[in-house]
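A look at the structure
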Amino acid sequence: MAETAIRPKSFLSGRVAHFTESVIREMTRQAMLHGAVNLSQGFPDFPAPAEIKRAAQEAIAADINQYAITWGAKTFRDAIARQTQLWQDIQVDSEREITVCCGSTETMISTLLAVCNAGDEVVIFEPFYENYGPDAILSGAKPRFVKLRPPATSGGEWTFDEHELRAAFHHQTKAIIVNTPNNPTGKVFTRSELELIRDLCVEFNVLAITDEIYEHILYDGTQHISMATLEGMRERTITINGLSKTYSVTGWRVGWAVAPPAITDAIRKVHDFLTVGAPAPLQQAGAAALAMPASYYQELAEGYRKRRDRLIPVLDEVGFRCFQPRGAYYVMTDISAFGFENDLEFTKYLVKDIGVAVVPGSSFSKDARDGARQVRFAFCKRDETLDAAAERLRRLRIPK
Ligand SMILES: Cc1ncc(COP(=O)(O)O)c(C=O)c1O
């Protein structure tokens, strides 16, 4: 038999050729390697609520251990519909408008695969949550980025340019992804900003795919507005959410989409072929999670407000310029004062020499020059973790 030289790269799909590994997940591995305090990846290092864990244990003991209905266990879908009505004042048909997936991550890719054709474009605000660009590409679409600009003053807000956003919309635009409250910036989109996006979606016949996974983590009296509640948007919005952040169970991998019936049908098919279903006992526990009292959500937000206000003064003190987050549990910071060549060099130094892992700002942008003066801290951590990071960060020196 003639021997053919194996060229491993020739086996690979062109789709993944330009993907790099997730920098966020890589930073967690770096933190473990260097024994650093991990303020990179957005997962809590404190326990999940006891009632929810108990519900999961009971579900397994009660033998809810086989496949749930592909698009989600009925009790869980009913709980999602009930809470969507309560929180958003949106009536949802749990039989025809909800798909439960393996985390909001799978929900996003299932949604994009369900709605995108080759040549379509998807508008994405940048800095963005790392998965959106690759998700768009995997679904055959082209991501088109619109910049969120950092505030000029520390108390200001991240903003976008209305003209730049309009210029991103045209006849090939299929969808816009809106993540509010936003990772990594902590921006909470205002009603007038959402209305502006709404007007463009209607004018260009575009879908809004909203990632609302941080909807309950809000500060300073800001209010979460769900795109689907805006007039004219219910029928063109796919609202994505999940258990990960609200109930501190990022490892459970349970998320969902709320969408009009025809779109739900398509998402359900993709989801079925990708994963068949999300973990059955954890959907049962998810129904218990969604039944938590109102006080749970107030305490959740207040807990994160305290953590934010514990970390940011330390960052200010040692020389970072912080952009105050209004929601989610991250703070973007400007690192210019430290005199490093770029965010990657600074991040390496921070994890190896100072012992704190963060995420370089450029990993949230298409062009590495954007974000090259920024790093992101996650503050979804115990006080002890934040204090240990503070102690190490105080060793940082600003060049004269
Ligand atoms: C904006 C955003 N969406 C989605 C996810 C992932 O969510 P899930 O755990 O539900 O897949 C994250 C996690 O950090 C996130 O920040």
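These remarks concern the structure in this document. All residue numbers refer to positions counted from 1 along the written sequence of the respective chain. In keeping with the predicted nature of the model, local features appear solely for residues at pLDDT of at least 70, side-chain atom pairs appear and are counted solely at 80 or more, and the whole-chain, interface and lining totals rest on all residues. Hydrogens and waters are ignored; side-chain quantities use all the structure's heavy atoms.

**What about the overall build of the chain?**
Just so we agree on the cut-off: Strands here mean DSSP runs of E at least two residues long; helices mean DSSP runs of H or I at least four residues long; both are numbered from the N terminus. Values of the radius of gyration come from C-alpha atoms, whereas the globule rule sets the reference at 2.2 Å times the count of residues to the power 0.38. When a residue's accessible area, from a 1.4 Å probe over protein chains only, is under 20% of the maximum for its type it is buried; when over 50% it is exposed; and in between it is partly exposed. It only takes one pair of heavy atoms within 4.5 Å for two residues to be counted as in contact. For every accessible area listed, the method is Shrake-Rupley and the probe measures 1.4 Å; residues are considered covered only by the protein chains on display. Asp and Glu count as negative and Lys and Arg as positive, but His and the ends of the chain are not part of the count. The location of each charge is read from NZ of Lys, CZ of Arg, CG of Asp or CD of Glu.
Scanning the chain for helices and strands turns up 12 helices and 14 strands. Here the C-alpha atoms of the chain give a radius of gyration of 21 Å, agreeing with the 21 Å that 2.2 N^0.38 yields for 400 residues. Along the first, second and third principal axes, the C-alpha set of the chain runs to 65 × 60 × 55 Å. The 400 residues of the chain split such that 56% are buried. Of all intrachain contacts in the chain linking residues separated by at least 6 positions in sequence, the fraction that spans at least 24 positions is 74%. Carbon and sulfur atoms provide 53% of the accessible area of the chain, an area that totals close to 17800 Å². Averaging the locations of the 46 positively and 50 negatively charged side chains of the chain gives two centres separated by 3 Å.

**Some details on the layout of surface pockets**
Note the following rule: Put simply, the grid is 1 Å and covers the protein atoms alone, a cavity is a trapped set of points that fit a 1.4 Å probe, a pocket is an open set with protein on both sides within 12 Å along at least five of seven lines, and lining residues have an atom within 4 Å of a point. Grid points are joined across faces, edges and corners, and a volume is the space filled by probe spheres set on the points. Throughout this entry, Asp, Glu, Lys and Arg are counted as charged residues, while Ala, Val, Leu, Ile, Met, Phe, Trp, Tyr, Cys and Pro are counted as nonpolar. The remaining residues, Gly among them, count as polar.
The calculated volume of the largest pocket comes to roughly 850 Å³. The wall of the largest pocket is formed by 32 residues, among which Thr20, Glu21, Val23, Glu130 and Ser363 lie closest to the centre. Breaking the lining of the largest pocket down by element, the ones donating at least two residues are helix H1 (23-34), helix H5 (132-138), strand E4 (142-149) and helix H11 (343-354). Residue classes in the lining of the largest pocket are distributed as 13 nonpolar, 10 polar and nine charged. A volume near 360 Å³ is recorded for the second largest pocket.

**Overview of the sheet that holds strand E11 (residues 330-334)**
Stated formally: Following DSSP output, two strands are said to pair if at least two bridges run between them. Only the contacting stretch of a helix is used when fitting its axis, a line to C-alpha atoms as for every element, and angles between N-to-C directions run 0 to 180 degrees.
The four strands are arranged E10-E11-E14-E13 in an open sheet whose pairing can be described as antiparallel. Each edge of the open sheet carries a strand with a single partner, namely strand E10 (321-323) and strand E13 (359-360). As paired elements, E10 and E11 share three bridges and run antiparallel to each other. Note on E11: the bridge partner recorded for Arg321 is Asp334. Across the sheet, helix H10 (residues 294-318) touches E10, E11 and strand E14 (374-378), and the angle it forms with E11 is around 10°.

**Looking at the sheet that holds strand E6 (residues 173-179)**
Across the sheet, eight strands lie side by side as E2-E9-E8-E7-E6-E3-E4-E5; this open sheet has mixed pairing. Of all strands in the sheet, those bounded by a partner on one side alone are strand E2 (98-101) and strand E5 (159-160). Note that E4 and E5 share two bridges and pair antiparallel. What sits directly across from Leu148, in E5, is Phe160. Contacting E2, strand E7 (207-211), strand E8 (237-242) and strand E9 (255-258), helix H8 (residues 261-275) runs over the sheet at an angle of about 20° to E2.

**What to know about H8**
The following threshold applies: To estimate how far a helix should extend, the number of its residues minus one is multiplied by 1.5 Å.
For H8, which comprises 15 residues, the first-to-last C-alpha distance of 20 Å matches the rise-based estimate of 21 Å (1.5 Å per residue) to within 8%. Here H8 has its buried residues at Ile263, Thr264, Ile267, Arg268, Val270 and His271. Buried residues in H8 make contact with helix H3 (74-88), E2, helix H4 (103-115), E7, E8 and E9.

**Overview of the nonpolar core**
Selection rule: Nonpolar cores were defined as sets of buried Ala, Val, Leu, Ile, Met, Phe, Trp, Tyr and Cys residues, with membership established by side-chain atoms within 4.5 Å.
Counting residues in each nonpolar core, the largest one holds 68 residues, and the members touching the most others are Phe76, Tyr247, Phe320 and Phe377. Among all residues touching Phe377, those that are not within four sequence positions of it are Leu39, Leu311, Leu315, Phe320, Tyr329, Tyr330, Val331, Thr333, Val356, Val358 and Leu393. By size, the runner-up hydrophobic cluster in this structure holds 27 residues, among which are Ile24, Ala168, Cys201 and Phe364.

**A short note on helix H12 (residues 383-393)**
Selection criterion: It is the directions from the helix axis to the C-beta atoms whose arc is reported.
Buried within H12 we find Thr385, Leu386, Ala389, Ala390 and Leu393. Down the axis of H12, the sector holding all buried residues measures 140°, keeping them to one side. Residues of H12 that are exposed and point over 90 degrees away from its buried face: Glu384 and Glu391. Each element contacted by the buried residues of H12 is listed here: strand E1 (37-38), H10, H11, strand E12 (356-357) and E14.

**Quick notes on the packing of H4 against H8**
For clarity, the cut-off: For classification purposes, angles smaller than 35 degrees are called roughly parallel, those larger than 145 roughly antiparallel, those between 65 and 115 roughly perpendicular, and all remaining angles oblique. Crossing chirality is assigned from the near helix's rotation relative to the far helix, an anticlockwise turn below a right angle marking it left-handed and a clockwise turn marking it right-handed.
Contact pair H4 / H8: the axes reach a minimum separation of 8 Å and the direction vectors enclose 120°. Relative to H8, H4 is oriented oblique. Between H4 and H8 the crossing geometry is right-handed. Of the residues in H8, those touching H4 at Glu106, Ile109, Ser110, Thr111, Leu113, Ala114 and Val115 are Ile263, Ala266, Ile267, Val270, His271, Leu274 and Thr275.

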